[in-house]
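Per-entry structural report
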There are 2 protein chains.
Amino acid sequence: MNSSASTKERILTAAEALFAQRGFEGASLRQLTAAAGVNLAAVNYHFGSKDHLVEQVFKRRLDQLNARRLAALKQISGQPETTLEDVLAAFIRPALDLSHDGGGGLFMRVLARAFAEHDDDLRKFLSENYGHVMRQFTAEFARLLPGLSKEELYWRIDLVTGALTHAMSGFGIIQRKSDVSETTHREQTAEHLIRFAASGLRAP
Amino acid sequence: MNSSASTKERILTAAEALFAQRGFEGASLRQLTAAAGVNLAAVNYHFGSKDHLVEQVFKRRLDQLNARRLAALKQISGQPETTLEDVLAAFIRPALDLSHDGGGGLFMRVLARAFAEHDDDLRKFLSENYGHVMRQFTAEFARLLPGLSKEELYWRIDLVTGALTHAMSGFGIIQRKSDVSETTHREQTAEHLIRFAASGLRAP
DNA sequence: CGTATCCTCAAACGATCGTTTGAACTACTC
DNA sequence: GAGTAGTTCAAACGATCGTTTGAGGATACG
């Protein structure tokens, strides 16, 4: 009954790649539908408008990303033996996994673009739908860093966010060497990010 | 003989603001020239094309920014008593100053956009014209962090770059309170950034 | 004054944009 | 198998894009 699921998914996948490559304004619906192998009018038929398509590109990945983040956080939050590194791992690892499986490798780049563009509508959408995730992580950071004032904590979380978005959007110079498996490389990347972020958060 | 200096400057200033607000593709020459109060054709007359205008917007600010950065670095590089914080200050303070004087407050946002967009031509332009600045800072970081492998050092400098670009492009949540002077606020911001970055770079 | 140079201007160019339309095709129900 | 709802299609819509054109204004020099 729903052969359009295929069309919708193909549009979303092609849109994610093209948005990452050329930006939201730079990627045209004609390029997009050609890459997806669907008719030009299919975007407006299935999504209503290009703006709604952008939102759905975010929604598809962020729903699973934040579900994994919250699941990972739930397992460790509030426990006395939880470390800062554990919380950072719960935040970072799901994003790294997303970059390497499920074909969502380009999504972090799309996310980095969304941060750079100060589009109010898009920011409102992200805040309304996923603000609670950052709030839960912030609460856990606050618990583990009791010496920090609220102001300092917000500052540092913002800096960590910037560093991670930048790194995971593919700017990292470090390439995987051929003699290292992808799993190993991902693990090393995670450790780099976590070590840096934890040390920055713990700054005197 | 050159009353066009005014026209050129007005185009550059309006372009910087509009690029920061709407992006390079999102800002049209018609919006841009209207905001600058000049004729539409003036952009192509004075700059040749929109792409060349983009380059000149970068060039105008980056020339002074990197000159200040290199001057600050020169005063401290190689000296035995120089600290990691000193080098970070030489890198960060000129950028913060640029954000608060000379009307270049929007430029860091433009720069953040350039990082998010993976435009090859623009990246090549930035690398060719200003790559030597990052190389000099990297060399000084390497001297002060002898325990880090080259790979780890590159990783961490990349993370620091991401954090600073993110923060200085105006995402920082922290607003200046009315009872704090702008000079004081800038000083506090610099200390936040430097403390975080130094601690991250020194991570075990 | 005449002319040469630099600059500005309104108007138009072809291309491309997001969106809409109405007909054709598909699959399922009665 | 006629009817219906869901989907795809080629074609066109008006708007806006970056760029070009050619006439006209401004200024300096002989």
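The preceding data block contains the structure.
Source: prediction; values computed, not measured.

Take the relation of the copies chain B and chain A next. Each copy of the sequence occupies a distinct position, and chain B is placed on chain A by a rotation of 180 degrees and an axial shift of 0.0 Å, giving an RMSD of 0.0 Å. The transformation just described matches what one would write down for a two-fold rotation axis. Mapped onto chain A, 100% of the interface residues of chain B are again interface residues, and the two copies thus contact each other with one and the same surface.

Turning next to helix α2 (residues 29-36) of chain B. All names here are of chain B. Within α2 the residues assigned to the buried category are Leu32, Thr33 and Ala36. An end-on view of α2 places all buried positions within 90 degrees of arc, on one side of the element. Following α2 by one or two positions, Gly37 has its phi on the positive side, about 75 degrees.

Residues and elements named next belong to chain B. Turning to its location among the elements, Ala197 is positioned in helix α9 (residues 182-201). A count of 29 C-beta atoms within 10 Å places Ala197 in the buried class. C-alpha of Ala197 to C-alpha of Glu117: the two residues are 80 residues apart in sequence and 24 Å apart in space. Discounting chain neighbours no more than four positions away, the residues touching Ala197 are Leu88, Val160 and Ala163.

On to the interface of chain B and chain A. Contacts between the two partners involve 30 residues from chain B and, on the opposite side, 30 residues from chain A. Mapped onto the side of chain B that touches chain A, the elements with two or more residues apiece are α1 (4-26), α6 (107-116), α8 (150-171) and α9 of chain B. Among the elements that take part in the side of chain B that touches chain A, α8 of chain B stands out by supplying 13 residues, more than any other.

Turning next to the environment of Phe141 of chain A. All names here are of chain A. Along the polypeptide, Phe141 turns up in helix α7 (residues 120-144). Judged by local crowding, Phe141 falls into the buried class, with 20 C-beta atoms found within 10 Å. Residues Phe141 and Val87 lie 54 residues apart in sequence; the distance between their C-alpha atoms is 7.5 Å. Contact partners of Phe141, with chain neighbours within four places excluded, come to Val87, Leu153 and Ile157.

A separate point is the nonpolar core. Proteins that are soluble and globular tend to have nonpolar side chains buried together. Grouped together as the largest cluster of nonpolar side chains are 102 residues, with contacts concentrated most on Ala163 and Ala197 of chain A together with Ala163 and Ala197 of chain B. Apart from the residues lying within four places of it in its own chain, the contact partners of Ala163 of chain B are Leu159, Gly162 and Ala163 of chain A together with Phe196 and Ala197 of chain B.

Residues and elements named next belong to chain B. Remark: helix α4 (residues 50-76) packs on helix α7 (residues 120-144), axes separated minimally by 11 Å, with the N-to-C direction vectors making an angle of 10 degrees. On the basis of the axis angle, α4 is roughly parallel to α7. Contacts from Val54, Glu55, Phe58, Leu62, Asn66, Arg69, Leu70 and Leu73 in α4 reach Leu122, Phe125, Leu126, Tyr130, Val133, Gln136, Phe137 and Glu140 in α7. Here the contact of α4 with α7 is built from residues that sort into 11 nonpolar, 2 polar and 3 charged.

About the thresholds
- Residue indices follow the written sequence of each chain, beginning from 1 at its first position.
- For this description, chains carry letters from A and ligands carry numbers from 1, given in the order in which they are written.
- pLDDT decides what is reported in this predicted model: residues at 70 or higher carry local features, side-chain atom pairs at 80 or more are listed and counted, and totals for whole chains, interfaces and linings draw on all residues regardless.
- A residue counts toward the fit only if its pLDDT is at least 70 in both copies, and the copies are then superposed by least squares on the C-alpha atoms of those residues.
- What counts as a contact here is a pair of residues whose C-beta atoms, placed from the backbone, lie within 7 Å.
- Exposure is read from a count of other C-beta atoms within 10 Å of each residue's own; the residue is exposed at 12 or fewer, buried at 20 or more and partly exposed in between. C-beta atoms are placed from the backbone.
- Secondary structure elements are taken from DSSP: a helix is a run of H or I of four residues or more, a strand is a run of E of two residues or more, and numbering for both begins at the N terminus.
- Of all possible arcs, the one meant is that of the directions from the helix axis to the C-beta atoms.
- By convention in this section, buried Ala, Val, Leu, Ile, Met, Phe, Trp, Tyr and Cys residues joined through C-beta atoms within 7 Å make up a nonpolar core.
- In this analysis an axis means a line fitted to C-alpha atoms, helices contributing only their contacting stretch, and an angle means the value between N-to-C directions, from 0 to 180 degrees.
- Note that the term roughly parallel is reserved for angles under 35 degrees, roughly antiparallel for angles over 145, roughly perpendicular for angles of 65 to 115, and oblique for everything else.
- Charged residues are taken to be Asp, Glu, Lys and Arg, nonpolar residues to be Ala, Val, Leu, Ile, Met, Phe, Trp, Tyr, Cys and Pro, and polar residues to be all remaining types, Gly included.

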